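As a plain string of letters, each chain reads:
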Amino acid sequence: MKKTFKKNERLCSLKIIGSLFDRNNSANEGVFAYPVRVVCKSSEETHTQVLFSVPKRQFKHAADRNLIRRRMKEAYRLNKELLKNSYYISFIYVGKVIENYVVIEKGIKNCLKKL
RNA sequence: AAAGUAAGUCGUCUUAUCGCUACUUUGAGGGGUAACCCGAUGAAGUUGAGGAAAGUCCGAACAGUGCAGAGCAUCAUGCUACCUAACGGGUAGGGGAUAAUCGAGCGAUUGAUUAUCUACAGCCAGUGCCACAGAAAAUAUACCGCCUUCGGGUAAGGGUGAAAAGGUAGGGUAAGAGCCUACCGCUUGUUUGGUAACAAACGAGGCAUGGUAAACCUCAUGAACUGAAAGACCAAAUAAACCGACGAAAGCAAUCUCCGGAUUGUUUAAAAGGCUGCUCGUCUGAGUCGGAGGGUAGGUUGAUAGAAAUAAUAGGUGACUAUUAUUCCAGAUAAAUGAUAAGACUUUAAUACUUAUUCUCGGGAUAAUUAUUAAAGACAGAAUUCGGCUUACAGGCUUACUUCUUCU
RNA sequence: GACCACGUAGUUCAACGGAUAGAAUAGAAGUUUCCUAAACUUUAGAUCCGGGUUCGAUUCCCGGCGAGGUCA
């Protein structure tokens, strides 16, 4: 499997995102490994679709949010062969400080292993 | 040479591997009669954040709505000239305030230099406010005082206060007072200089006008409103339904007719609505307004060749402008510029070596050079686009000024 | 992206340009009680920050900072 991350691997549909964050939907499952929280559900499509989110409440500056999102994206790109089935996944950063790349990669790896 | 201040300017770099955005070229194969289309999480190449991209404080472009027009309201600005597409921005100039230094005069006051600041139209159009203190805070009906012919006259003195009815000196007077004189200040007229703000000179007025307009307000100038979630096109979806309130008048003509009427057209009237917030006025006119609810919520465009950038020359004190040449320099949309490794550069700290200075000469302290190790490299991320302003910012460079030290 | 309002004691709110910035609660100390509660007495507490206008600013003006809200 090639280590690419193109447009069709990203989760863009507003409807699916809405259903993913609907608290009443029992199909969603959650996984946690510091500093990342994962909300996901299984999909019928051939590719797994992913979104990354960093809360504005914790990180005020857009430059910080961009940095964290890019590190998470990189970690997912290099480790996504760990996944067997296809999912809709949202990665949410819950750390209070900006962690370096090693810590974020460890968290993403653990999440993907649990799935 | 160092430090500080001000202005301007730059604001990390190189290589490798993996990956992202856009564009160009290519195309295993598939579809189609053909033109051509699709196209491998294909391949190759080029390209990809800022001086503030930020705050959203001003001004425009652009777009929509509206536009017979008039008035009012509302908002903004406010010394002068210029720059500019425009501006509440900038440049140059004028006036003013504060502080320091050096002067002139008995004094009131005032001249020069330097630095900093300056929302700097109008309280002789009107209205309001001016706590406490003080006799009095603006129409001085005078509290004490002074004088008196006992009717009154009088603002010279009265500790206050941010502010007290022009000031200083002299004359004058019953006591006083611009009542009079000189000087200073103020107001005002003329002339001269300057594009103008304004300045200077020569008169005139006895001074009438306390402060406050970042108080209401007046005057002048400007502004129609909304804001890319604007707007245009394509696709998809559906509901001309439901509930409540208000309204649906009359004439003529044509058609249909079960002769009761119904439909359509037209004229007048009218609920209501449009025309920015209001009024006048004006237009449309059989539906209008409100509630609750349903559906859709994808794509293309707007949207990146411009009041563009760079360089040279010319004009201007300057902001800036003109001409010529060259260049094409992000275009994402749940939102592209990243990760890892190695190296360079800069800064800081520690250790070691060497040199210099100094001392209580055991050694220590300070400064500089070199080497090694470690840490750090700011503020901050395009979202339609420009011109400004404001704010954040490690460090480097250039220019000017000031201060002190060393050397010549 | 565009736009709109707000900031006062620990908390919820007041306050014409005139000051010792007020009230209710919460806090602290004391009185009362065998102890606690209630009650009473006392006390310490704040104008988001920096400039300006004014004799004087929580209030007026400008700039920042913070925390909110609206839109198809």
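Please refer to the structure placed before this passage.
The rules behind these values
Residues numbered from 1 in each chain as written. Chains lettered and ligands numbered in written order. Predicted model: local features only at pLDDT ≥ 70, side-chain atom pairs only at ≥ 80, totals over all residues. Heavy atoms only, no water. Helix = DSSP H or I, 4+ residues; strand = E, 2+ residues; numbered from the N terminus. Contact = heavy atoms within 4.5 Å. Axes fitted to C-alpha atoms, helices over the stretch in contact; angles between N-to-C directions. Parallel < 35°, antiparallel > 145°, perpendicular 65-115°, else oblique. Left-handed = near helix turned anticlockwise from the far one by under 90°. Nonpolar A, V, L, I, M, F, W, Y, C, P; charged D, E, K, R; others polar. Phe/Tyr/Trp six-rings, centres within 6.5 Å; stacked < 30°, edge-to-face > 60°. Buried < 20%, exposed > 50% of the residue type's maximum accessible area, 1.4 Å probe, protein only. Core = buried A, V, L, I, M, F, W, Y, C linked by side-chain atoms within 4.5 Å. Pairing = 2+ DSSP bridges.

## Describing the overall build of chain A
When its secondary structure is counted, chain A shows three helices and four strands. When its helices and strands are written in sequence order, chain A yields α-β-β-β-α-β-α. Contacts spanning at least 24 positions in sequence make up 76% of the contacts within chain A whose residues lie at least 6 apart.

## A few points about the packing of helix α2 (residues 62-79) against helix α3 (residues 101-114)
Two elements in contact, α2 and α3, have axes whose closest approach is 9 Å; the angle formed by their N-to-C orientations is 50 degrees. Classed by the angle they form, the pair α2 and α3 counts as oblique. The handedness of the crossing between α2 and α3 is right-handed. Contacts from R71, M72, E74, A75, Y76, L78 and N79 of α2 reach α3 at Y101, I104, E105, I108, K109 and L112. In the contact of α2 with α3, the residues fall into eight nonpolar, one polar and four charged.

## Quick look at the packing of aromatic side chains
Under the criterion given, the structure shown has three aromatic pairs. Summarising the aromatic geometry, the rings of Y76 and F91 are spaced 5.8 Å apart at their centres and angled 55 degrees between planes, so their arrangement reads as tilted. Placement of the pair is Y76 in helix α2 and F91 in strand β4 (residues 87-93), with a sequence separation of 15 residues. The same class applies to Y76 as to F91, namely buried.

## Structural notes on the nonpolar core
Counting 23 residues, the largest nonpolar core has V38, M72, Y76 and F91 as its most contacted members. Among the secondary structure elements, those contributing two or more residues to this core are β1 (29-33), β2 (36-42), β3 (49-53), α2, β4 and α3. Setting aside anything within four residues of it in sequence, one finds V38 in contact with E29, G30, V31, I89, S90, F91 and C111. Within the second largest apolar cluster, seven residues are counted, among which are L20, V39, L51 and I92.

## Structural notes on the pairing of β2
Of all seven residues in β2, five are buried; the element is thus mostly enclosed. Pairing of β1 with β2, which is carried by five bridges, proceeds in the antiparallel orientation. Paired with F32 across the strands is R37, a residue of β2. Between the antiparallel neighbours β1 and β2 lie two residues. Summarising the sheet, β2 and β4 pair through seven bridges and their orientation is antiparallel. Across the sheet, residue V38 finds its bridge partner in β4, namely F91.

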